[in-house]
Amino acid sequence: MPLISIVVPMYNEEAVVADFFARINKVVADVATYDFEIVVVNDGSTDSTLVLLKEQQKQQNNIVIVNLARNFGHEPAVSAGLHVAKGEAVIPIDADLQDPPEIIPEMIQKYETGFEVVNARRASRKEDSFMKRFTAKKFYDYMTRISGKIKVPSNVGHYRLISRRVVDEVNALTESTRVFRVEVPYIGHKTTEVLFSRQKRVKGKSHYNYHAMFDLAFNAIISSSIKPVYWPLWTAIWIGFLTGLSLLAELVLFILAQTSVINFAINFELWLIINSIFVVGTITLLVLGIIAIYVGKTFIEAQGRPFYVIDEVLTKKEN
Ligand code: UDP
Ligand code: MG
């Protein structure tokens, strides 16, 4: 039977291991036309996740444990899983059951009709806080603006089905800053989606705070586009334009001069000079900052370090 791989990163998920397998096994059992392997990437957990995984592996044949050498992070962990997965299609999913496994059969159906990417898109984010919704919206809006020909679908995280061809293309990307949700649309191919409502984490707690989310958004932008480098240029052009306008206004005032207006003009001039100092200073720092970000990025990529290191891959035989 053809094989489908489910890739699950786990970092300190001892609270959800049992629930995860209970839910996923049930779904998978109902799909009679495929075999499934569940590739669990243990991303340097410091709790008993690995022990629980090994226990689970004794009870079921189709688990592959990819044990990373330390904690590398969500994106690198998924990437490690994608490299190990052997299926003709691969489905990355979060361990905490926020991505309901029950839509997998629907994703497979769409795959069978010829789609190579089946995105699982959150139909609503009602369960998220206002801040999370707001920042997510801004992020996707901005991604859409800068991505040019690439369409980064909004509210699609890791959860989706991708065909073997897409998996191989994603694996062949060389950048060490991995942002899966941008890589897949970058590759392209026939794409569709399945809607779902995102659940609350069943147990355990989220590893993403605002700082980590900001990091992800930032990486997504910086590794997709060099458009931010043009911001300072446009800002400079606008400031130049506005300065020109205000000088013109002053000239007009001067020509129409009457004492009271002159007073006003002098004050206005002062105000303009003080403001200019701040504006020019800020813009200079902004330009330097943006350049520094890209130089830093180039440095990281030039180093060419592996972005994950595998300690061992355990199948049932080795356990
Ligand atoms: N995760 C990981 N390494 C990390 C952080 C998270 O492998 O350093 C995994 C985690 O176990 C979960 C998934 O990535 O399966 C998503 O993490 P989480 O649920 O904490 O993120 P959120 O849903 O809050 O965005
Ligand atoms: Mg989660």
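These figures come from a predicted structure and were not determined experimentally.

Thresholds, definitions, all that
- Residues numbered from 1 in each chain as written.
- Chains lettered and ligands numbered in written order.
- Predicted model: local features only at pLDDT ≥ 70, side-chain atom pairs only at ≥ 80, totals over all residues.
- Heavy atoms only, no water.
- Helix = DSSP H or I, 4+ residues; strand = E, 2+ residues; numbered from the N terminus.
- Rg over C-alpha atoms; globule rule 2.2 N^0.38 Å.
- Buried < 20%, exposed > 50% of the residue type's maximum accessible area, 1.4 Å probe, protein only.
- Contact = heavy atoms within 4.5 Å.
- Areas by Shrake-Rupley, 256 points an atom, 1.4 Å probe, with all protein chains shown as cover.
- Lys, Arg positive; Asp, Glu negative; His and termini not counted.
- Charge placed at Lys NZ, Arg CZ, Asp CG, Glu CD.
- Near = heavy atom within 4 Å.
- Polar contact = N/O pair within 3.5 Å; in protein donor to acceptor, adjacent residues only side chain to side chain.
- Nonpolar A, V, L, I, M, F, W, Y, C, P; charged D, E, K, R; others polar.
- Donors = N, O, S within 2.8 Å, 3.2 Å for Na, K, Ca; no water.
- Arc of directions from axis to C-beta.
- Domains from an automatic or database assignment.
- Buried area = accessible area lost by both parts, 1.4 Å probe.
- Salt bridge = Lys/Arg side-chain N within 4 Å of Asp/Glu carboxyl O.

J.: Report on the overall build of the protein chain, specifying residues and quantitative values.
T.: Summing up its helical and strand segments, the protein chain has 10 helices and 8 strands in all. A compact globule built from 319 residues should have a C-alpha radius of gyration of about 20 Å, whereas the protein chain, at 26 Å, is more than 25% larger. On the principal axes, the C-alpha backbone points of the protein chain span a range of 95 × 40 × 35 Å. By residue count, 43% of the 319 residues in the protein chain fall in the buried class. Partitioning the intrachain contacts of the protein chain with sequence separation of at least 6 by distance along the chain shows that 83% fall at a separation of at least 24. Entry remark: accessible area of the protein chain is about 17300 Å², with carbon and sulfur atoms responsible for 64%. If the 34 positive side-chain charges of the protein chain are averaged to one point and the 33 negative ones to another, these points end up 4 Å apart.

J.: Can you tell me about the site of ligand 1, naming the residues and giving the values?
T.: Around ligand 1 sit 18 residues, and of these Glu-13, Asp-43, Gln-98, Ser-206 and His-207 come closest. Note that an oxygen atom of ligand 1 is positioned 2.8 Å from one of the backbone N or O atoms of Pro-9. Between ligand 1 and Tyr-11, the relevant distance is 3.0 Å, taken from an oxygen atom to a main-chain nitrogen or oxygen of the residue. Calculation on ligand 1 without its partners gives an accessible area of 530 Å², and the protein chains cover 92% of this total. Of all the elements in the fold, those that place two or more residues in the shell around ligand 1 are strand 1 (3-10) and helix 3 (74-84). Here the shell around ligand 1 is built from residues that sort into 6 nonpolar, 6 polar and 6 charged.

J.: For the coordination of the magnesium ion (ligand 2), give the residues involved together with the corresponding values.
T.: Around the magnesium ion (ligand 2), the protein contributes the donor atoms Asp-96 (OD) and Gln-98 (OE1), which lie 1.9 to 2.0 Å from the metal centre. Each member of the pair Asp-96 and Gln-98 is classed as buried.

J.: Could you give an account of helix 2 (residues 49-59), with specific residues and numbers?
T.: Those residues of helix 2 that sit buried are Thr-49, Leu-50, Leu-53, Gln-56 and Gln-57. For helix 2, the buried positions fall inside an angular range of 120 degrees around the axis, keeping them on one side. What points out from helix 2, more than 90 degrees from its buried face, is the exposed set Val-51 and Gln-59. Next to the buried residues of helix 2 lie strand 1, helix 1 (17-29), strand 2 (35-42), strand 3 (63-68) and strand 8 (310-314).

J.: An account of the domain arrangement of the protein chain is requested, with residue identities and associated values reported.
T.: Taken domain by domain, the protein chain consists of domain 1 (3-213) and domain 2 (227-303). Each of domain 1 and domain 2 has a C-alpha centre, and the two are 45 Å apart. Contacts between the two partners involve 7 residues from domain 1 and, on the opposite side, 6 residues from domain 2. Both faces combined, the contact of domain 1 with domain 2 buries some 450 Å², and carbon together with sulfur accounts for 40% of it. Summed over the three residues of domain 1 that lose the most area to domain 2, namely Tyr-142, Ile-146 and Thr-177, the buried surface amounts to 66% of that side.

J.: So, the pattern of salt bridges: which residues are in play, and what are the values?
T.: Opposite charge on two side chains makes pairing possible when the charged atoms of those side chains draw close. Counted by the stated rule, this structure contains 7 salt bridges. Between Glu-193 and Arg-121 there is a salt bridge whose closest N-O contact spans 2.9 Å. Of this pair, Glu-193 sits in strand 7 (residues 191-196) while Arg-121 sits in strand 5 (residues 117-122), and the two are 72 residues apart along the sequence. In this structure, Arg-164 engages Asp-168 in a salt bridge whose closest nitrogen and oxygen atoms are separated by 2.9 Å. Of this pair, Arg-164 and Asp-168 both sit in helix 6 (residues 164-172), separated by 4 residues, roughly a single helical turn. With relative accessibility at 23%, the residue Arg-164 sits in the partly exposed group.

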